[in-house]
Amino acid sequence: MSAVFVITGPSGVGKGTLIRELRELVPELELSTSATTRGRRAGEVDDVDYHFLERDEFDRRVAAGDFLEHATYSGNRYGTLRTEVEERNARGAPVVLEIELQGARQVRGTMPEAVQIFIAPPDPADLRRRLEGRGTDDPETIEARLAVAEEELAARDEFGHTVVNDEIDRAAAELAAIVRGELG
Ligand code: ADP
Ligand code: 5GP
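Below is a summary of the structure that appears in this document. In every chain, residue numbers begin from 1 and rise along the written sequence. Chain A is the first chain written and ligand 1 is the first ligand written, with later ones labelled in order. Reporting in this predicted model follows two pLDDT cut-offs: at least 70 for local features of residues, and 80 or more for side-chain atom pairs to be given and counted; totals over whole chains, interfaces and linings ignore these cut-offs and use all residues. The side-chain values count all of the structure's non-hydrogen atoms but skip hydrogen atoms and water molecules.

### Description of the site of ligand 1
Okay, so step 1: Near ligand 1 lie 14 residues; those nearest to it are G12, K15, T17, R134 and N165.
Okay, so step 2: The separation between an oxygen atom of ligand 1 and a polar main-chain atom of G14 is 3.0 Å.
Okay, so step 3: Distance and chemistry together define a polar contact, namely a pair of N or O atoms within 3.5 Å, with one atom able to donate a hydrogen and the other to accept it when in protein, and with adjacent residues in sequence counting only for side-chain atoms on both sides. At 2.8 Å from an oxygen atom of ligand 1 is found a side-chain nitrogen or oxygen belonging to R134.
Okay, so step 4: Here ligand 1, which alone exposes 570 Å², has 74% of that area covered by the protein. When at least one non-hydrogen atom of a residue lies within 4 Å of a molecule or strand, that residue is treated as near it. Only the protein chains shown count as cover for residues, with accessible areas throughout obtained via the Shrake-Rupley method and a probe of 1.4 Å.

Written out as structure tokens, the structure reads:
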């Protein structure tokens, strides 16, 4: 069984950005591609950024037991397919899951050995600035994500590690040190 890293944090905190940097610093780390029912953003590629599934296909795969964890977030379904982790475990490759809070809690229950890392903003107000700056979501979507963020921020103490994403390079280096420390 290889190492599993769970990275969680509110929308806009910079998870995707930090994971890109992390993978440059720790190239052997592989990123699980999640499944989702949300619409594709400009530039997103099916089976690269996500496995984009129709709602009924997602539900069918839930019923078939194909998911390690899954959750509804801001009106859409998201989940980690078991195959994403099992195939890497079989090869001994470390894997990182970028998932929201409910999913992180499920993984904590089923895979307590997974390393859980929470990414926090320097200030909660940065979330709005970053989501607006990213320019991928309409105002209604941003408000919905900020509403969920309050609950997510309150959960940071559940996580074994917290990294504050103040400066990308500094935060990515801290994240890489945590991962390297666990990989030994
Ligand atoms: P998430 O994956 O958590 O939703 P993203 O990685 O998409 O967040 O980052 C949201 C926005 O914030 C992006 O436009 C990104 O460039 C920007 N960003 C990420 N980290 C920082 C940082 N440390 N300081 C300022 N802006 C950042
Ligand atoms: P986004 O729509 O911005 O890509 O993702 C929205 C939220 O869903 C983020 O918090 C992201 O971490 C989370 N997410 C992405 N993939 C998964 C997954 O497989 N499972 C769970 N539980 N959450 C996910």
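Don't stop here, the text continues.
### So, the site of ligand 2
Okay, so step 1: Around ligand 2 lies a shell of 16 residues, among which S34, R38, Y50, Y78 and E98 are the nearest.
Okay, so step 2: Within the contact set of ligand 2, an oxygen atom lies 2.5 Å away from a side-chain nitrogen or oxygen of R38.
Okay, so step 3: Isolated, ligand 2 exposes 500 Å² of accessible area, and the fraction of that covered by the protein chains is 95%.
Okay, so step 4: Elements that contribute at least two residues to the shell around ligand 2 include exactly β5 (67-73) and β6 (76-81). Starting at the N terminus, helices and strands are each numbered in turn, a helix being any DSSP run of H or I of at least four residues and a strand any DSSP run of E of at least two.

### Brief notes about the side chain of E100
Okay, so step 1: In this fold, E100 is placed in the loop between β7 (95-98) and α4 (101-110).
Okay, so step 2: Despite being buried, E100 has no salt bridge partner; R105 is the closest side chain of opposite charge, sitting 7.8 Å away.
Okay, so step 3: Only 3.1 Å separates the side chain of E100 from the backbone nitrogen of Q102, close enough to count as a polar contact.
Okay, so step 4: We call two residues in contact when some of their heavy atoms are within 4.5 Å. With near-sequence residues (within four places) excluded, E100 lies in contact with T8, A71, Y73 and E152. Each residue gets one of three labels from its accessible area relative to the maximum for its type: buried under 20%, exposed over 50%, partly exposed in between, using a 1.4 Å probe on protein chains only. Charge assignment: positive for Lys and Arg, negative for Asp and Glu; neither His nor the chain ends contribute. Take a side-chain nitrogen of Lys or Arg and a carboxyl oxygen of Asp or Glu: if they are within 4 Å of each other, that pair is a salt bridge.

### A closer look at the packing of aromatic side chains
Okay, so step 1: Note on aromatic pairs: the rings of Phe, Tyr and Trp (six-membered ring only in Trp) are paired at centre separations within 6.5 Å, and the planes decide the class, stacked below 30 degrees, edge-to-face beyond 60, tilted for the rest. Counted by the stated rule, this structure contains 5 aromatic pairs.
Okay, so step 2: For the ring pair F58 and F67, a centre distance of 4.6 Å and an interplane angle of 25 degrees mean the geometry is stacked. Across the pair, F67 and F58 agree in class, each one buried.
Okay, so step 3: Here the aromatic cluster, defined as three or more aromatic residues joined through ring pairs, consists of Y50, F52, Y73 and Y78.

### Re the pairing of strand β1 (residues 4-8)
Okay, so step 1: Summarising burial for β1: 5 of the 5 residues are buried, a large majority.
Okay, so step 2: Residues V4, V6 and T8 line one face of β1 and the alternating positions F5 and I7 line the opposite face, and both faces are buried.
Okay, so step 3: Pairing analysis gives 4 bridges linking β1 to strand β8 (residues 115-120), with the strands arranged parallel. Residue T8 lies in a different strand from β8, and its bridge partner there is F118. Each pair of strands is called paired provided DSSP finds at least two bridges between the two strands.

### As for α4
Okay, so step 1: Listing the buried residues of α4 in full gives L101, G103, A104 and V107. Along α4, the residues classed as buried sweep out an arc of 160 degrees about the axis, all on the same side. Facing away from the buried side of α4, by more than 90 degrees, are the exposed residues G109 and T110.
Okay, so step 2: For α4, the capping residue at the N-terminal end is E100, with a side-chain oxygen 3.1 Å from the backbone nitrogen of Q102. The arc in question is the one traced by the directions running from the helix axis out to the C-beta atoms.

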